[in-house]
Every structure is written in C-alpha cells, then in structure tokens.
Amino acid sequence: AAVLFGTALIGFVGSKLILGQLFVSLMDYIVAHIPGVKIIYSSIKDMLASFVGDKRKFSNPVWVRVNETPEVWRIGFLTQPSMDFVNLEGMVSVYLPHSYAISGWVIVTSKDNIKPAEGFSSQKAMEFALSGGILSNTGNTSNANNTGNK
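Heads up: these notes are all about the structure in this document. Owing to the predicted nature of the structure, the values given are computational and were not obtained by experimental measurement.

**A closer look at the nonpolar core**
Across soluble globular proteins, nonpolar side chains have a tendency to be buried as a group. Counting eleven residues, the largest nonpolar core consists of Phe 58, Trp 63, Ile 75, Phe 77, Tyr 95, Ala 117, Phe 120, Ala 125, Met 126, Ala 129 and Leu 135. For this core, the elements supplying multiple residues, two or more each, are β2 (72-80) and α4 (122-130). Sort the elements by how many residues they give to this core and α4 lands first, with three residues. Among residues more than four places away in sequence, those in contact with Trp 63 are Trp 73, Arg 74, Ile 75, Asn 113, Ile 114, Lys 115, Pro 116, Ala 117, Phe 120 and Phe 128. Counting residues in hydrophobic clusters, the runner-up holds seven residues, among them Val 62, Val 64, Val 92 and Ile 114.

Following this line, the structure appears as structure tokens:
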C-alpha cells in the first residue's frame, strides 16, 4: 500500500508542479543511465507509453490469419506496414497482445494474412484481446454457449 501511495504521489506531483516535473525528469534520467537497468527500464517505459498517453502506438487494429486449416484469426495491431527495410518485401509486422497480461508477440507475416478490424476502435480491439474476447455492450443477446454447431 505504501509503494502504491508513493507512486501515486510522485505521479501527481510530477504532473502538476514544475518542481515535481523536474524531479521526475531527473529520476528518469538517472534510472535510464544505470547499467543493466537501462534496457529493462526503457522497454517497460516504451511498452506502457504504447498503451496510454499521447504517444499511443497501437492505433491500427487488424485481424491476422495465424492458421489456414482450420482457419484461425487473432486480433492484433499493425506496427510496421512494410518490412522492406529488412529486405522482406510484401511482409508486415503485427503485435499480438496476450489475454490478461501486458505482453504479446510480434510476428512478421504476409500482407495477405491481415485485414482491417472494421468496427473496432483501437481501444475496443485492445479490450477484446486483453479480456480474452469478452466485450461488454456488444449487443449480442444470443446464448454464450451456442457455438453454431448443431
């Protein structure tokens, strides 16, 4: 509880007061330059910034075919619309979030295996992925146990 309170207090002070912003910037600089910690800290910081804030990077939800037989699609986010910069013409990279976790996979696949996730905002697509496919207010009133098999 004390750690959560301390983190919340630092966040509040850092966002509201100029002296607090300088303190948070100084701490950020110090932590980012500690050998060994730098890689972990910058990775976590980038990942969290991708989900929240003004610099959201997961803004293009797509469906990705991950298996042909049987056909299986997963919701993901287009992270590179072209992999030409590493000589993979016709390929894209997609981030596939895991359910109930702040982790996921980055896959490189053919452009033919993706299609826009129409009807999904970025927020709804992330909610769908992280909740294991459970969305509130979808308007679906059918029996949840009905899989369409008779």
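**Brief notes about unusual backbone geometry**
Of note, the bond from Thr 69 into Pro 70 is cis; its omega dihedral lies within 30 degrees of zero at -5°. If you trace the backbone, Pro 70 turns up in the loop between β1 (61-67) and β2. Of note in this structure, Asn 87 is not a glycine but carries a positive phi near 60°. For Asn 87, the location among the structural elements is in the loop between β2 and β3 (91-97). You can call Asn 87 exposed: its relative accessible area is 62%.

Rules used in this analysis
Residues numbered from 1 in each chain as written. Predicted model: local features only at pLDDT ≥ 70, side-chain atom pairs only at ≥ 80, totals over all residues. Heavy atoms only, no water. Core = buried A, V, L, I, M, F, W, Y, C linked by side-chain atoms within 4.5 Å. Buried < 20%, exposed > 50% of the residue type's maximum accessible area, 1.4 Å probe, protein only. Helix = DSSP H or I, 4+ residues; strand = E, 2+ residues; numbered from the N terminus. Contact = heavy atoms within 4.5 Å.

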